[in-house]
Structures are given as structure tokens and as C-alpha cells.
Amino acid sequence: MDRFGKLRRVIVLLTVLFVLDLVLLVWMIPVRTFLTWGVAVVQAVVVVYFVALSLGLVREAEERDRDGE
């Protein structure tokens, strides 16, 4: 069970780095055009998708490990 905790910690760390990257992108580049808003939105969607997919896979692996498959 310890390995899943470490894996969750890595997922959280990567999520924080992605969000920090997105914040810095919006902060450093003036967000005035549709294209820059589009890039920011696409990156936010990618972060949300990454988190949902990663945590879902960890949960599934945890259940398989618990069931003994």
C-alpha cells in the first residue's frame, strides 16, 4: 500500500507543477487575444484530464492489489 501513497504524491507534485506552469504562463504573457486564452484553457483541460486519469488508474490498481488479482 505504501507504493500507492508514493505514486499519489508524485501525481500531486506533477499537478502542482502543471498549475504553477499555467499560472506563470498567464502571468508572464499578456492574455489579451483569443489564441492565448485558448492555450491557457487547453493546458487547464490537459491538467484536469491528467489528474482524473492518473488517480483513476491508481484507484483501479489499488483495488486489483487488494483483491489479489
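Whatever comes next refers back to the structure up there.
Conventions and cut-offs
- Throughout this description, residue numbers start from 1 for each chain and increase along the sequence as written.
- It should be noted that, the model being predicted, local features are given only for residues of pLDDT at least 70 and side-chain atom pairs only at 80 or more, the latter also being counted only at that level, while totals for whole chains, interfaces and linings use all residues.
- Side-chain metrics rest on all non-hydrogen atoms present in the structure, leaving aside hydrogens and water.
- Under the DSSP-based scheme used, a helix requires at least four consecutive residues in state H or I and a strand at least two consecutive residues in state E, with every element numbered from the N terminus.
- Axis angles are defined between N-to-C directions and span 0 to 180 degrees, where every axis is a line fitted to C-alpha atoms and, for a helix, only to the segment in contact.
- Orientation labels follow simple angle bins: below 35 degrees gives roughly parallel, above 145 gives roughly antiparallel, 65 to 115 gives roughly perpendicular, and whatever is left gives oblique.
- Note on residue classes: Ala, Val, Leu, Ile, Met, Phe, Trp, Tyr, Cys and Pro are nonpolar, Asp, Glu, Lys and Arg are charged, and everything else, Gly too, is polar.
- Any helix carries an expected span of 1.5 Å times its number of residues minus one.
- Residue contacts follow a heavy-atom distance rule, with two residues in contact if any of their heavy atoms lie within 4.5 Å.
- When a carboxyl oxygen of Asp or Glu lies within 4 Å of a side-chain nitrogen of Lys or Arg, that pair is called a salt bridge.
- A simple rule labels every residue: compare its accessible area, found with a 1.4 Å probe on the protein chains alone, to the largest value its type can have, and call it buried under 20%, exposed over 50%, or partly exposed in between.

Caption draft 1: Representation of the environment of Leu7 in the model. Counting through the fold element by element, Leu7 comes out in helix 1 (residues 2-28). Distance from Leu7 to Ser54, taken between C-alpha atoms, is 9.4 Å for residues 47 residues apart in sequence.

Caption draft 2: Local environment of the packing of helix 1 against helix 2 (residues 34-67). With their axes 10 Å apart at the nearest point, helix 1 and helix 2 run at an angle of 175 degrees to one another. Taken together, the axes of helix 1 and helix 2 are roughly antiparallel relative to one another. Of the residues in the contact of helix 1 with helix 2, the class split is 18 nonpolar, three polar and six charged.

Caption draft 3: Structural context of helix 1. With 27 residues, helix 1 should reach 39 Å at 1.5 Å per residue; the first-to-last C-alpha distance of 39 Å fits that figure. The elements touched by buried residues of helix 1 are helix 2.

Caption draft 4: Structural detail: the pattern of salt bridges. Going through the model one piece at a time under the given rule, you end up with two salt bridges. A salt bridge links Arg8 to Glu62; the nearest nitrogen and oxygen atoms lie 3.0 Å apart. Remark: Glu62 occurs in helix 2 and Arg8 occurs in helix 1; sequence separation between them is 54 residues. Among the residues examined, Arg8 registers a relative accessible area of 31% and is labelled partly exposed. Given the relative accessible area of 14%, Glu62 is considered buried. Measuring nitrogen to oxygen at the nearest pair gives 3.4 Å for the salt bridge that ties Arg64 to Glu60. Within this pair, Arg64 and its partner Glu60 are both found in helix 2, separated by four residues, close to a single helical turn. Given the relative accessible area of 47%, Arg64 is considered partly exposed.

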